[in-house]
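Coordinates in review
Chain by chain, the residues:
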Amino acid sequence: MPAPLTRRPETKSFSIEDLLDRVRRGEVRIPDFQRPLRWTAQDVRDLLDSVYRGYPIGTLLFWRRDAPAANVSFGPVRIDAPSTSQGLWAVDGQQRVTALAGVLLHPSYGDEAGRDDFHLYFDLETEELHAPPDAGAPPPHWLPMNEVLDSESLLHWLNRYPGREANPEHLRAAIRLGKAIREYQVPAYVVDTADEKVLRIIFKRLNTAGRPLTDEEVFNALYVGSRSLSLESVTEGLRELGFGNIPESLLLRAVLAVRGLDFTRGYQEQLNQDDELTETVRRTDRALRDAIVFLKRDAFIPHLKLLPAPENSLVLLTRFFQLHPEPSPRSRELVSRWFWRHIVFGGWGLKPAEALHVFAAIRSDEERSIQALLGQVPPPLIRWWMETGMPVIPNAPMGPPLVLRIAMMSLQPRHLLTGAVLEPGELLELPGEGLQPILPPGDVRWMTPGIVDRRMVRRVMDGTFSFLFHPPVPGRPLVQVLEAEPSLAEEVLQSHGLTAQALDALRHRDGLGFLQLRQAVLEPVLRQFMEARTRWDDSDRPSLQSMIIDDDED
């Protein structure tokens, strides 16, 4: 049990001028258990910009105790610190103190050697902070930030500034900057204790308790002005479509795509802090709804759980329906072919460059966009779904491959006991995404007598044709339901790719024979389904309307 503090932490505020004066005097120190510096140049710049604009930068936590004489570093700043009985050890806030000291006390701006993450200038025209230019001297109206903290140093720089007569507003901007920096108040707790273990516990809890904001939460705070259009609220609304839970991270990629940005990269490096994306989120919501309706109605994908690589497929479809919210029936058919042809070529697992190549083909001209997209997926050399036996899929999860699962779901599976058509969304939300093993896993008693290779037995029983979509039947494994008398209705059997002969094999404990009979039913189902979806033997011509040449066109 950690010891309690004998004295309450002291609450106080340090002006930045006072805080950095203590740094120069060697009073501020860094405990050995502090983590190494991890801030980037952008983090440093953002902190100084927040100070200038009066934004909060968080609370510091200091441990007051003796500090021996030492050489202390804060970024580029080196301090020969004498011993002191009033040392302030930064338990929380090392990165912020180092950034403030490194920029405002920077020892050198005069040469290339002085350029580092703490080397900043203040543009007196735009009132923005900049890193030094890649080559050459900075513009004369860029004020070095290490001249700002000391008022005499700042006035000396302004006296030498060549634009002071022509640009009196620059002088006012510099004075405002100096005042804002020097007088900014940083809240802090100061803890008095002799027990370093207590400080380590405080440090750990400060830096591990709670959870950091996600990218999606930061996006909502910065770019969306309406709570009703936050990423969370949009995904909540999309659930009514019965397509499953769209992750906020996927929705954020769709927002970038609708905005015309690179959806394979983070938004931080592509958006400006003053961008307002409420309308973009609204358009994304509408386009995403259209894309989901298309997937369910035209592409026969009933649920997100059966959608391959939605971070590419759904996002690119959202971009298409944002530009073309009401495509013609012919266009919808061709987009469905394009979607399924991508599945044939790897299930939409695109590298960023490949995804952006597809993205670039989606333009404001509906027909030309579709023809360009179709042109990116030529016919395969071998139609693997027409071969006997399922394709070997490396590292595939147990059970049927995704394309067979979709084909099985297209049969509209029925409940074995009631005969009612099962709802895909409800099925796919069940454990195992609704797939139930027909034969008891690993039970070799269900194999044909004479088979002794147990590894082959397990492979067969855990394989492609030994599962069906169905909710659990309380107290009964599915095999008992299937072999029970009287026989199940024909429409129920067909909905699961089963036959009376297959059930008879089960009753005779011929598990391998059962699976072979089921394979004989499901392979043609898959072939017909894939041929109907891809239609490589049919013409991909655009609609007749699009081929009518307007007299006004060249």
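Residues numbered from 1 in each chain as written. Predicted model: local features only at pLDDT ≥ 70, side-chain atom pairs only at ≥ 80, totals over all residues. Heavy atoms only, no water.

Describing the pairing of strand S5 (residues 77–81)
Let me state the cut-off plainly: Burial classification: accessible surface area is computed with a 1.4 Å probe over protein chains only, and a residue below 20% of its type maximum counts as buried, one above 50% as exposed, and the rest as partly exposed. Helix and strand definitions follow DSSP, with helices as H or I runs of at least four residues and strands as E runs of at least two, each counted in order from the N terminus. Paired strands, in this sense, are two strands between which DSSP finds at least two bridges.
Judged by which residues are buried, S5 turns out to be one-sided: Val77, Ile79 and Ala81 face inward and are buried, whereas Arg78 and Asp80, on the alternate face, are not. Two elements, strand S4 (residues 70–74) and S5, share 5 bridges in a ladder whose sense is antiparallel. Looking across to S5, one finds that Val72 is bridged to Ile79. Linking two consecutive strands that pair antiparallel, namely S4 and S5, is a turn of 2 residues; a positive phi of about 65° is found at Gly75 within it.

Quick word on the side chain of Arg518
Selection criterion: The charged-residue count follows a simple rule in which Lys and Arg add positive charge and Asp and Glu add negative charge, with His and chain termini not counted at all. By definition, a salt bridge exists where a carboxyl oxygen of Asp or Glu is found within 4 Å of a side-chain nitrogen of Lys or Arg. Whether two residues touch is decided by their heavy atoms; if any such pair falls within 4.5 Å, the residues are in contact.
Note that Arg518 resides in helix H21 (residues 511–534). It turns out Arg518 is buried and unbridged, and the closest side chain with the opposite charge, Glu523, is 12 Å from it. With residues up to four places along the chain from it excluded, the contact list for Arg518 reads Met408, Ile438, Phe465, Ser466, Phe467, Leu468, His496, Gly497 and Leu498.

Quick look at helix H9 (residues 248–258)
Judged by how many residues are buried, H9 sits mostly within the fold: 8 of 11 residues are covered. Within the sequence span of H9, burial applies to Leu250, Leu251, Leu252, Ala254, Val255, Leu256, Ala257 and Val258. A positive backbone phi angle near 85° is found at Gly260, which sits one or two residues after H9.

Comments concerning the environment of Phe263
Residue position: Phe263 is located in the loop between H9 and helix H10 (278–297). Separated by 92 residues in the primary sequence, Phe263 and Ala355 have C-alpha atoms spaced 9.0 Å apart.

Topic: the pattern of salt bridges
Within this structure, the stated rule accounts for 30 salt bridges. The closest approach of N and O atoms between Glu27 and Arg25, which form a salt bridge, is 2.8 Å. Across the pair Arg286 and Glu279 runs a salt bridge whose closest N-O atoms are separated by 3.8 Å. Its relative accessible area of 38% is what places Glu279 among the partly exposed residues. Through salt bridges that share partners, Glu333, Arg337, Arg341, Arg535, Asp538 and Asp540 make up one connected network.

Things to note about the sheet that holds strand S1 (residues 10–15)
Strand pairing in a sheet relies on backbone hydrogen bonds. The paired strands run either parallel or antiparallel. Read across the sheet, 5 strands follow the order S1-S10-S3-S6-S2 without closing on themselves; strand pairing throughout is mixed. Each having just a single partner strand, S1 and strand S2 (28–29) make up the two edges of the open sheet. Taken together, the 6 bridges between strand S3 (residues 60–67) and strand S6 (residues 84–92) define a ladder with antiparallel strand orientation. Bridging across to S6, Phe62 finds its partner in Ala90.

A closer look at the nonpolar core
The condition is simple: We call a set of buried Ala, Val, Leu, Ile, Met, Phe, Trp, Tyr and Cys residues a nonpolar core when their side-chain atoms join them within 4.5 Å. Where each domain begins and ends is defined by an automated method or by a domain database.
One finds Phe219, Leu295, Ile301, Leu314, Trp338, Phe339 and Trp340 to be the most contacted residues of the largest nonpolar core, which totals 77 residues. Per-domain counts for this core show at least three residues from each of domain 2 (215–378) and domain 3 (386–534). In this structure, Leu295 is in contact with Phe243, Phe300, Ile301, Leu307, Leu314, Leu317 and Phe339, ignoring residues within four places of it in sequence. Among the nonpolar cores identified, the runner-up in size contains 50 residues, and Phe62, Leu154, Tyr184 and Val190 belong to it.

Focus: the packing of helix H1 (residues 16–24) against helix H3 (residues 94–104)
Short version of the rule: Lines fitted to C-alpha atoms define the axes here, with helix axes fitted over just the stretch in contact, and angles between the N-to-C directions of these axes take values from 0 to 180 degrees. Here roughly perpendicular refers to angles of 65 to 115 degrees, roughly parallel to angles under 35, roughly antiparallel to angles over 145, and oblique to all remaining angles. Classification used: nonpolar for Ala, Val, Leu, Ile, Met, Phe, Trp, Tyr, Cys and Pro, charged for Asp, Glu, Lys and Arg, polar for all others including Gly.
Remark: H1 packs on H3, axes separated minimally by 11 Å, with the N-to-C direction vectors making an angle of 85°. One finds that H1 runs roughly perpendicular with respect to H3. Across the interface between the two elements, Ile16, Leu19, Leu20 and Val23 from H1 touch Val97, Leu100, Ala101 and Leu104 from H3. When its residues are assigned to classes, the contact of H1 with H3 shows 8 nonpolar, no polar and no charged.

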